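The chain contents come next:
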Amino acid sequence: MKILLVCSAGMSTSLLVTKMEKAAKEKGIDVEIFALSAGEGKKILKEVDLVLLGPQVRFMKNEFVKLATVPVDVIDMLSYGRMEGEKVLNSALALLAQK
């Protein structure tokens, strides 16, 4: 399972990625999570199972929905601001379960 986090420069989500990976490891979930800029993220949409947009790029959701064949959602602003990796991971897993 691959989860792509998209932010404006691909940098601000790196801490959240680390916290999500830690939560996944604690739950025994095999998942690859990484962050890219919007431009780079668009290039690999066929390689991921889920796209999560950072709140700062939420205005791009419709564009990503049109391009992707996988679920696309915006990370909850409060969870993002607090870097709540487990909460964001749980939301991602719920989205994947609906797929």
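For the structure itself, consult the block above.
Residues numbered from 1 in each chain as written. Predicted model: local features only at pLDDT ≥ 70, side-chain atom pairs only at ≥ 80, totals over all residues. Heavy atoms only, no water.

Section: the environment of E40
In this structure, E40 sits in helix α2 (residues 38–43). Looking at E40, the relative accessible area reads 39%, which means it is partly exposed. Counting along the chain gives 31 residues from E40 to A9, while the straight-line C-alpha distance between them is 9.4 Å. Here K43 takes part through its side chain, which lies 3.1 Å from a polar atom of the side chain of E40. (Helix = DSSP H or I, 4+ residues; strand = E, 2+ residues; numbered from the N terminus. Buried < 20%, exposed > 50% of the residue type's maximum accessible area, 1.4 Å probe, protein only. Polar contact = N/O pair within 3.5 Å; in protein donor to acceptor, adjacent residues only side chain to side chain.)

Considerations on the nonpolar core
Counting residues in hydrophobic clusters, the biggest one holds 20 residues, and the most contacted among them are I3, L5, L16, M20, I33 and L52. Going through the elements one at a time, β1 (2–7), α1 (14–27), β2 (32–37), β3 (50–53) and α5 (85–98) are the ones with two or more residues in this core. In contact with M20, not counting residues within four places along its chain, are L5, I33, L52, G85, V88 and L89. Counting 15 residues, the second largest nonpolar core, distinct from the first, contains V48, M60, F64 and V70. (Core = buried A, V, L, I, M, F, W, Y, C linked by side-chain atoms within 4.5 Å. Contact = heavy atoms within 4.5 Å.)

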